Amino acid sequence: QLSPTPDQVIEMRAALEQHIEGLTGPGGDHPRIGGLVRLAFHDCVGGCDGCVNLANPDNAGLRPYIRDLEVVYANFDDVISRADFWQLAGLEALDRASETDSPDIPFLVGRVDCSTSPDTSDLEAFPTNGGHGNLGNVLDFFQSEFNLGERDAVALLGAHTLGRARTGASGFNGPWVGNPDLFDNAYYRDLLNENLMWIQTNINPTGEDRWQWVHGRAPGGPRGKRQVAGGGPMMLNSDMCLVKDITVDSDGRSSCNYFSCADSPTLSIVEEYANNNALWVSEYSRAHAIMTSNGYNSDDLRIPGTNVDDDSDEEEEEIIEAIEAILAAGRPQGGQPRRGRRPGR
Ligand code: HEM
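Right, let's get into the overall build of the protein chain. For the protein chain, the helix and strand inventory stands at 11 helices and five strands. When the accessible area of the protein chain is evaluated, it comes to approximately 14700 Å², of which 47% is carbon and sulfur surface.

Written out as structure tokens, the structure reads:
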């Protein structure tokens, strides 16, 4: 099995850092930050296996990130699996985006690529209704897919502080927050910010509906015009449901507005994260570590160059213990390891 040395991991991280810096968007942002974090998540739906089904509309937009990353991976494909390399790329992107509180996520190796990597025709199960969904859809998804609870789900969705949605991919449009390159709790602060006058608008009224929440006005500014085509900061229903108890119809339209909706049961978690960046980053780290072990048992994954049990870093050990507990709880009856895709997928 492929297993890089710690020095090789350092070399790969340097190459990935260069890769991330090597592409800038029109606003001077770095699109690969968001793209690589999203890839790390999408690869782990159905098990982290270095394979993404690009024919699945839920994966729309990932193609250029995978294609460009292949050029970097070609230099290391004899020492690391693609599945591990994609996870390292996600971690490097998070580090690049962090300023004050950096996520502390141990990089574990041992993931195995699917036989057709990087492509697959497997249909992975993403949240019902994608960005149209409500809190029930979101929580069910994280529970059934990753064995993650409510708090972990709220923490993970904070990754939407990075990157943006694109009309040509999901059909939604815009970043979630003002600075899509910065990994901090702005996502939670904006969700709670009444001065942003959140309104729900359909940015694709002549085609398949795309109801997203946009700022009704700039902070402190006069009430602005509804963003007809989006492009400014936005939230999906699956984000807004963390603070508002929205019920959406099959097109994604909410029956209440930001001011008339009742509070969501997860509101208090959002408030905690909005008030405490370090707390959010720490809980995000744990949830991300668990998500990116999906499909494996604790004995399958280890820190490069070590045996997991030898590792002396206390914080990393805590996270590994958490992963072990979750993996043990999630093991199917009969104690069979859940490596790669689950039966029936
Ligand atoms: C309920 C679960 C989720 C839903 C419905 C959802 C939905 C979406 C949608 C619709 C987009 C826009 C894609 C595009 O147009 O290119 C997106 C982007 C993104 N998502 Fe999620 N997402 C979910 C969970 C997550 C999780 C768990 C993570 C990571 C931990 C994540 C990280 C990202 C990032 C970083 C982007 C920006 C990508 C870019 O800039 O290219 N998402 N998500």
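Having put the structure on the table, let's press on.
In total, this model carries 15 aromatic pairs according to the counting rule given. Ring geometry for Y258 versus F259: centroids 5.3 Å apart, planes at 80°, classification edge-to-face. What makes F259 partly exposed here is its relative accessible area of 48%. Pairwise contacts between aromatic rings join F183, Y187, Y188, Y273, W280 and Y284 into one cluster.

A few words on the coordination of the iron atom of the ligand. Ideal values differ by geometry: the angle at a metal is 109.5 degrees with four tetrahedral donors, but 90 or 180 degrees with six octahedral donors. No other protein atom reaches the iron atom of the ligand as a donor apart from H160 (NE2), found 2.1 Å away. Mapped onto the elements of the fold, H160 is located in the loop between α6 (150-157) and β1 (164-165).

Remark: helix α1 (residues 6-21) packs on helix α4 (residues 82-97), axes separated minimally by 9 Å, with the N-to-C direction vectors making an angle of 60°. Taken together, α1 and α4 sit at an angle that is classed as oblique. The handedness of the crossing between α1 and α4 is right-handed. Together, V9, M12, R13, L16, E17, I20 and E21 of α1 and F85, L88, A89, L91, E92, A93, D95 and R96 of α4 make up the contact between the two elements. Class assignment for the residues of the contact of α1 with α4 results in nine nonpolar, no polar and six charged.

One open sheet holds the three strands; their spatial order is β3-β4-β5, and the pairing between them is antiparallel. Each having just a single partner strand, β3 (199-202) and β5 (234-235) make up the two edges of the open sheet. In terms of strand pairing, β3 meets strand β4 (residues 211-214) through four bridges, oriented antiparallel. By the bridge assignment for β4, Q200 is matched with W213.

Judged by nonpolar contacts, the single largest core of 91 residues is most densely connected at F85, F142, F146, Y187, M240 and Y284. Looking at this core element by element, the count peaks at eight residues for α4. Shared between two domains, this core holds at least three residues of each, these being domain 1 (6-126 + 295-330) and domain 2 (130-275). The contact partners of M240, leaving out residues within four places of it in the chain, are L191, W198, W213, M235, I246 and Y258.

Each value, and the rule that gives it
- Along each chain, residue indices are assigned from 1 in the same order as the chain's sequence is written.
- Local features in a predicted model are, by the rule used here, given only for residues with pLDDT of at least 70; side-chain atom pairs are given and counted only at 80 or more, and totals for whole chains, interfaces and linings are based on all residues.
- Think of the side-chain values as coming from all heavy atoms in the structure, minus any hydrogens and water.
- Under the scheme used here, helices are H or I runs from DSSP no shorter than 4 residues and strands are E runs no shorter than 2 residues, and both carry numbers assigned from the N terminus.
- Accessible surface area values rest on a Shrake-Rupley calculation with a 1.4 Å probe, where residue burial reflects the displayed protein chains alone.
- Whether two aromatic rings pair depends on their centres lying within 6.5 Å, for rings of Phe, Tyr and Trp, where Trp uses its six-membered ring; planes under 30 degrees apart make the pair stacked, over 60 edge-to-face, and the rest tilted.
- Here the term buried applies to any residue with accessible area under 20% of the maximum for its type, exposed to any over 50%, and partly exposed to those in between, with areas from a 1.4 Å probe on protein chains only.
- Coordinating donors are taken to be N, O and S atoms lying within 2.8 Å of the metal, or within 3.2 Å when the metal is Na, K or Ca; because water is excluded from the atom set, some sites may appear incomplete.
- Orientation is described by lines fitted to C-alpha atoms, with helices fitted over the stretch in contact, and by angles between N-to-C directions that extend from 0 to 180 degrees.
- Just so you know how the angles are binned, under 35 degrees is roughly parallel, over 145 roughly antiparallel, 65 to 115 roughly perpendicular, and the rest oblique.
- Working rule for handedness: look at the near helix, and if it is turned counterclockwise from the far one by less than a right angle, call the crossing left-handed; if clockwise, right-handed.
- Contacts between residues were defined by any pair of non-hydrogen atoms, one from each residue, lying within 4.5 Å.
- In this classification, the charged set is Asp, Glu, Lys and Arg, the nonpolar set is Ala, Val, Leu, Ile, Met, Phe, Trp, Tyr, Cys and Pro, and all remaining amino acids, among them Gly, are polar.
- Two strands qualify as a pair provided that DSSP identifies no fewer than 2 bridges between them.
- Here, nonpolar core refers to any group of buried Ala, Val, Leu, Ile, Met, Phe, Trp, Tyr and Cys residues whose side-chain atoms link them within 4.5 Å.
- Residue ranges labeled as domains rest on an automatic or database domain assignment.

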